[in-house]
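Per-entry structural report
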Amino acid sequence: MSASVGPQGGPRPPTAPASMPDIPDLSHLTEEERKIIMAVMARQREEEEKEQAMLKTLHQQFESYKEQVRRIGAETKRQQTIHKDDAPTCGICRKTKFADGCGHICSYCQTKFCARCGGRVSLRSNNSWLSSTEY
């Protein structure tokens, strides 16, 4: 096999750096055309690097949001179990404690509340208990 020979009998200059093996053969083009094509390919490479950096940032943000949602969900579950343990207290003020069978249940939100945090309201044909958050 013979080495490629340039236009003046010397060896041809390399058409691309060794780090870019997927560059097409540009040896049949003039030096100016090669420069233009290499500049376009360099811009493309820069744009791809920017896109990869942006995707990496978005992925990191997504993972951060996912972790926040998990934390908030775990905190909510923990609070719900705490409130279930506090079931004999008012669901609104969390101060009044109930004996068995005491307290009123809101017709809308099903929260158990004390007399200070809600009341009886006439709705259409029946009287209903509503918490202060509902009326």
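Everything here concerns the structure above.
Residues numbered from 1 in each chain as written. Predicted model: local features only at pLDDT ≥ 70, side-chain atom pairs only at ≥ 80, totals over all residues. Heavy atoms only, no water.

**Things to note about a negative patch on the surface**
Put simply, the rule is: In this analysis, a patch consists of residues with relative accessible area above 30% that form no salt bridge, clustered at 9 Å for like charges and at 5 Å for the nonpolar side chains Val, Leu, Ile, Met, Phe, Trp and Tyr. We get accessible surface area from the Shrake-Rupley algorithm with a probe of 1.4 Å; when it comes to residues, only the shown protein chains can shield them. Between Lys or Arg on one side and Asp or Glu on the other, a salt bridge is scored when a side-chain nitrogen of the former is within 4 Å of a carboxyl oxygen of the latter. Residues scored as charged are limited to Lys and Arg (positive) and Asp and Glu (negative), so that His and the chain ends carry no count. One atom stands in for each charge, and that atom is NZ of Lys, CZ of Arg, CG of Asp or CD of Glu. Secondary structure is summarised from DSSP: a helix means a run of H or I of at least four residues, a strand means a run of E of at least two, and numbering begins at the N terminus for each. Buried residues are those whose accessible area, probed at 1.4 Å on protein chains only, stays under 20% of the maximum for their type, while exposed residues exceed 50% and partly exposed ones sit between those limits.
On the surface, a cluster of negative charge is made up of E46, E48, E49 and E51. Residue position: E49 is located in helix 1 (residues 31–85). Residue classification places E49 among the exposed positions, given a relative accessible area of 52%.

**Comments concerning the pattern of salt bridges**
Tallying each qualifying case throughout the model produces four salt bridges. Residue R34 pairs with E31 through a salt bridge whose shortest N-O separation is 3.0 Å. Of this pair, R34 and E31 both sit in helix 1, three residues apart, which is roughly one turn of that helix. With relative accessibility at 45%, the residue E31 sits in the partly exposed group. In this structure, E63 engages K66 in a salt bridge whose closest nitrogen and oxygen atoms are separated by 3.5 Å. Taken as a pair, E63 and K66 lie in helix 1 at a separation of three residues, close to a single helical turn. The partly exposed category is assigned to K66, whose relative accessible area is 31%.

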